[in-house]
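# Close look at the chain arrangement
Here are the chains, one letter per residue:
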Amino acid sequence: MTYSTQAATILTQLNALAGAFFLLSTFGMVATRQVQGCLRFFILQSLFLASSAVLLGLHPLSWHLIGVGIINFINKPIIIPWLLRRTISEEVYKRREITQALNIPISLLIALGLTISAYYLAAPLLQVGAGLPALINLPIGVATLLLGAYILTVRREAVPQLLGLLAMENGAFFASIAIAPELHLFVELVVAFDVLIAVFVIGVLTRAIHENIGTTNVGALAALKEE
Amino acid sequence: MTLIAIIILPLIASVLCWIAAIGKRVAAPITMVTFLTLLALAVRVAFQVSANGQLVAIPGWIEADSLGTLILLLVTIVGVLACFYSLGYMPRTTHDKGLLYHYYGNLNLFIFSMVAVPVVVGPSVAWLAVEFTTLLSVLLVGFESSREALEAAWKYAMITLTGASIALFGFLILFWGMRQAGGDSYTWAGLQSVAPQMSPVLMKTAFLTILVGFGAKVGLVPLHTWLPDAHSQAPTPVCALLSGVETTAVLYVILRLLPIAHVVLGTGGERWALIFGLFSVGIAAFLLIQVHDYKRLFAFSTVEHMGIILTAAGLGGAAAHYGAMYQIVSHALTKSLCFFAAGTVLMVTGTRDIVSVKGLIRRSPIAGSALLFGGLAIAGAPPFAVFLGEFAILKAGMEQGKYLAVALLACFLVIAFFGILLHINRMVLGRSNVEFSGNRGIPWPCVLTLAFVAIPVMVFGVYVPQPLHQILMRAALIIGG
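Overview of the structure. (Residues numbered from 1 in each chain as written. Chains lettered and ligands numbered in written order. Predicted model: local features only at pLDDT ≥ 70, side-chain atom pairs only at ≥ 80, totals over all residues. Heavy atoms only, no water.)

All right, on to the overall build of chain A then. Helix and strand content of chain A: 8 helices and 0 strands. Counted from the first residue to the last, chain A has its helices and strands arranged as α-α-α-α-α-α-α-α. Relative to the compact-globule value of 17 Å for 227 residues, chain A shows a C-alpha radius of gyration of 18 Å, a close match. Here chain A, with 227 residues, has 56% of them falling under the buried criterion. Total accessible area on chain A stands at roughly 9,600 Å², and carbon and sulfur atoms take up 70% of it. Taken together, the 12 basic and 11 acidic charged side chains of chain A have centroids lying 10 Å from each other. (Helix = DSSP H or I, 4+ residues; strand = E, 2+ residues; numbered from the N terminus. Rg over C-alpha atoms; globule rule 2.2 N^0.38 Å. Buried < 20%, exposed > 50% of the residue type's maximum accessible area, 1.4 Å probe, protein only. Areas by Shrake-Rupley, 256 points an atom, 1.4 Å probe, with all protein chains shown as cover. Lys, Arg positive; Asp, Glu negative; His and termini not counted. Charge placed at Lys NZ, Arg CZ, Asp CG, Glu CD.)

With that settled, the discussion passes to the overall build of chain B. Helix and strand content of chain B: 19 helices and 2 strands. The C-alpha atoms of chain B give a radius of gyration of 21 Å, which matches the 23 Å a tight globule of 481 residues would have. For chain B, buried positions account for 65% of its 481 residues. Summed over all atoms, the accessible surface of chain B reaches about 15,300 Å², with 69% contributed by carbon and sulfur. Within chain B, one finds 25 positive and 17 negative side-chain charges whose respective centroids are separated by 5 Å.

The next point concerns the packing of aromatic side chains. Residues and elements named next belong to chain B. Evaluation of the coordinates by the stated rule reveals 15 aromatic pairs over all chains. For the pair Tyr-103 and Tyr-104, a centre-to-centre distance of 5.2 Å together with 80° between the ring planes defines the contact as edge-to-face. According to the relative accessible area criterion, Tyr-103 is buried, its value standing at 0%. Summarising the aromatic geometry, the rings of Phe-298 and Phe-339 are spaced 6.0 Å apart at their centres and angled 70° between planes, so their arrangement reads as edge-to-face. Placement of the pair is Phe-298 in helix H12 (residues 294-315) and Phe-339 in helix H13 (residues 318-349), with a sequence separation of 41 residues. By relative accessible area, which is 1% here, Phe-298 ends up buried. Residue class for Phe-339 comes out buried when judged on its relative accessible area of 0%. A connected cluster of aromatic rings, assembled from ring pairs, spans Tyr-85, Tyr-89 and Phe-340. (Phe/Tyr/Trp six-rings, centres within 6.5 Å; stacked < 30°, edge-to-face > 60°.)

To continue, consider H12 of chain B. Residues and elements named next belong to chain B. With 22 residues, H12 ought to run about 32 Å at 1.5 Å a step, and its terminal C-alpha atoms sit 31 Å apart, in line with that. Counting buried positions along H12 gives 22 out of 22 residues, so the element sits mostly inside the fold. Two to three positions downstream of the cap, the backbone nitrogen of Lys-295 sits 2.8 Å from a side-chain oxygen, assigning the N-cap of H12 to Asp-293. Taken from the residues just after H12, Gly-316 is the one with a positive phi, measuring 80°. (Expected span 1.5 Å × (residues − 1). Polar contact = N/O pair within 3.5 Å; in protein donor to acceptor, adjacent residues only side chain to side chain.)

What follows deals with the interface of chain B and chain A. By a widespread convention, an interface's size corresponds to the accessible area lost as its parts come together. Each side of the interface is counted separately: chain B has 42 residues, and chain A has 48 residues. In this assembly, chain B packs against chain A so that about 4,200 Å² is buried in total across both faces, 77% of it on carbon and sulfur atoms. Summed over the shared surface of chain B and chain A, the result is 1 salt bridge. Across the pair Arg-179 of chain B and Glu-182 of chain A runs a salt bridge, and its minimum N-O distance is 3.3 Å. Here chain B is connected to chain A by 2 residue pairs in polar contact (both at pLDDT 80 or more). (Contact = heavy atoms within 4.5 Å. Buried area = accessible area lost by both parts, 1.4 Å probe. Salt bridge = Lys/Arg side-chain N within 4 Å of Asp/Glu carboxyl O.)

It is worth spelling out the side chain of Thr-311 of chain B at this point. Of note, Thr-311 of chain B is situated in helix H12. Sequence-distant contacts of Thr-311 of chain B, that is, excluding residues within four places in its chain, are made with Ala-273, Leu-274, Gly-277, Leu-278, Val-281 and Leu-409 of chain B.

Moving on to the layout of surface pockets. Its boundaries defined by the atoms lining it, the second largest pocket holds a volume of some 770 Å³. Along the walls of the second largest pocket sit 31 residues, with Gln-161 of chain A together with Lys-155, Met-158, Ile-159 and Thr-225 of chain B positioned nearest its centre. If you list the elements that add at least two residues to the lining of the second largest pocket, you get helix H6 (132-154) of chain A together with helix H6 (147-180), helix H9 (226-233) and H12 of chain B. Ranked by residues supplied to the lining of the second largest pocket, first place goes to H6 of chain B with 8 residues. (1 Å grid on protein atoms, 1.4 Å probe; cavity = no way out; pocket = protein on both sides within 12 Å on 5 of 7 lines; lining within 4 Å. Points joined across faces, edges and corners; volume = space filled by probe spheres on them.)

The next point concerns a nonpolar patch on the surface. All names here are of chain B. A grouping of Ile-8, Ile-12, Val-15, Leu-16, Ile-19, Ile-22 and Val-26 is seen on the molecular surface, where their side chains present a nonpolar patch of about 520 Å² in accessible area. Only helix H1 (2-18) and helix H2 (20-52) provide two or more residues apiece to the nonpolar patch. At 4 residues, the largest contribution of residues to the nonpolar patch is made by H1. Relative to the helices and strands, Ile-19 is located in the loop between H1 and H2. When its relative accessible area of 40% is taken as the criterion, Ile-19 is described as partly exposed. (Patch = residues over 30% accessible without salt bridge, like charges linked within 9 Å, V, L, I, M, F, W, Y side chains within 5 Å.)

To continue, consider H9 of chain B. Residue and element names in this part refer to chain B. In terms of burial, H9 is largely enclosed, as 8 of its 8 residues are buried. Of the positions making up H9, those classed as buried are Trp-226, Leu-227, Pro-228, Asp-229, Ala-230, His-231, Ser-232 and Gln-233. Considering only its buried residues, H9 is in contact with helix H5 (123-141), H6, helix H8 (200-218), helix H10 (236-265), H12 and H13.

Before going further, it helps to spend a moment on unusual backbone geometry. Notably, Ser-145 of chain B is not glycine yet its phi reads approximately 55°, a positive angle. Turning to its location among the elements, Ser-145 of chain B is positioned in the loop between H5 and H6.

Moving on, we come to the pattern of salt bridges. Residue and element names in this part refer to chain B. Under the definition given, this model contains 6 salt bridges over all chains. The closest approach of N and O atoms between Lys-217 and Glu-246, which form a salt bridge, is 2.5 Å. Pair noted here: Lys-217 is in helix H8 and Glu-246 is in helix H10, with a separation of 29 residues, a long-range link. Across the pair, exposure class does not vary: Lys-217 and Glu-246 are buried alike. Each of Lys-155, Asp-229 and Arg-296 takes part in salt bridges that share partners, so that together they form one network.

Let us now look at the environment of Leu-55 of chain B. Residues and elements named next belong to chain B. Along the chain, the position of Leu-55 falls in strand E1 (residues 55-58). Residue Leu-55 is classed as buried on the basis of its relative accessible area, which comes to 14%. Placed 53 residues apart in sequence, Leu-55 and Thr-2 show a C-alpha to C-alpha distance of 9.2 Å. Leaving out residues up to four positions away in the same chain, Leu-55 has contacts with Leu-3, Val-45, Gln-48, Val-49, Glu-63 and Ala-64.

And the structure:
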């Protein structure tokens, strides 16, 4: 076994490890009640996304993917939490969610089911001749996409809903670093900027809801329900 | 050069509006001048495109063809109308007039995102532009800061951004498919050229995820629930933009994929478009009947019309595609007329409730006749543009031999027709029994806007000018592949 293939095997295994932790932190977002804790799991998730991009970029060497990793490393774990704290008042983060639509054990069971179905959904896609990284990253990406949508649906607080949305985007990107590694770096940069704007706009909106209605429990807003 | 100017101008105008010292005094004039310039530039683009077939500003990034130009023209036309209407409407209805420069600043940003969608040729950049149309209009939807407006803005942001994330996944799969087929330019044209080698599994996944994801933003049925809220709670000029052109601009991206899907999947893509389209028309036609708020009525009618356009695109064939293009134009203009009329009614009566408004035409002939005119036009009564479009689509479907789809569509259209007119009839005619809370004169810019937009709505129903016909034909050819 040459040095280079050995390095590749180790990198692949490390990437698989990053993928496992990425998925695990998404489960953490499903399971935790505290707004604060949800944010911490999101930061972890983004760190594993960034490290997976860097690992895939090391062999064969691709500055492009390493660049993607660096963008993600700066953008999501550092700038986004800072921006969220700037726009939304401290009190919101101290909340515990008691009013989640489904309780945690059931949520975790559903999350498990979604993850398994993600592997089934990804299976036909992988048969078109995907590389080794895609075998790991694509199903995990799809699973995170589904889990993010699930978090968005069952959470009632504004910030966890936003984090669910960002988790979905992370999922799409976790898949993309394996299946679309050559995507133009300019596009990646603008997408990072776009995520920032999304956080800013929704942060401002959350603050407006907090100030005008006096709650951030957006799940309970029902003035527009059809009778 | 013109295309780059079109993208940059609203950004500059927005910055000017946001600078409080300038914005507080002249935000409205700046915006008006910007939008008029945009319209002039869009018309120039249209002439250049019809002479050369396309206009290239930055190859591979910013280009315009007939289909893109059509959307660009509609966005700028409705933009000008909405801005002009705002001059009369916003000072009347806003509580804090000191904050109006925020409104104009946001309006410029919103227009920026919408003119960007049809002129960028990369699917990934188009996704970004669509994402920006949501992000830059969320605060406009919640501008009135009422409980309802903020709730609508939240729903709007969450559902459409979720849809966008799903679509993002689709666009990444599409990129993967393109690379597998050996292509290296991720543009609409680049995709089209490698389509014969593309893997059907990847194309199908990409098409469906994008159809569902962006379908949320267009207002297609399973994920349409935010639309009636956002399109009824936003300030009226914004409603006209949201309903008239924003939905269309996103639908444009889906339509762009159809010819590519046609090469890879045969009629598979069109079949899905047809199913989603008919489903939306059907559900919306029934939901129209049970509304209590007349702005919601027009919002549901937007769901219906997006369904009609998608159905027409799914029927296939040059005639149906021409019908789809024609319907895009007539819907954009007619729906903005409807919302302008609804805004006028709101100014006169101070309520959105259908039941509280009776005998409008006696109290306020302008608001009453505008609402009647808009209602008839959007429902598809004969001399108006929408009627001609719907008729063309049904006829094209018959010629294709797709009788079941045509029969269903015709049936839903009739239900929607009566649904809309039932409500409008109650509001406009009859004896007026309520004191309207604010029976003030209607600001002249609003009246003038209504008059402007009524002209094409009526004229296009009987006569399609030759240049417009040319653009529509070429645009139809583009989605035909």
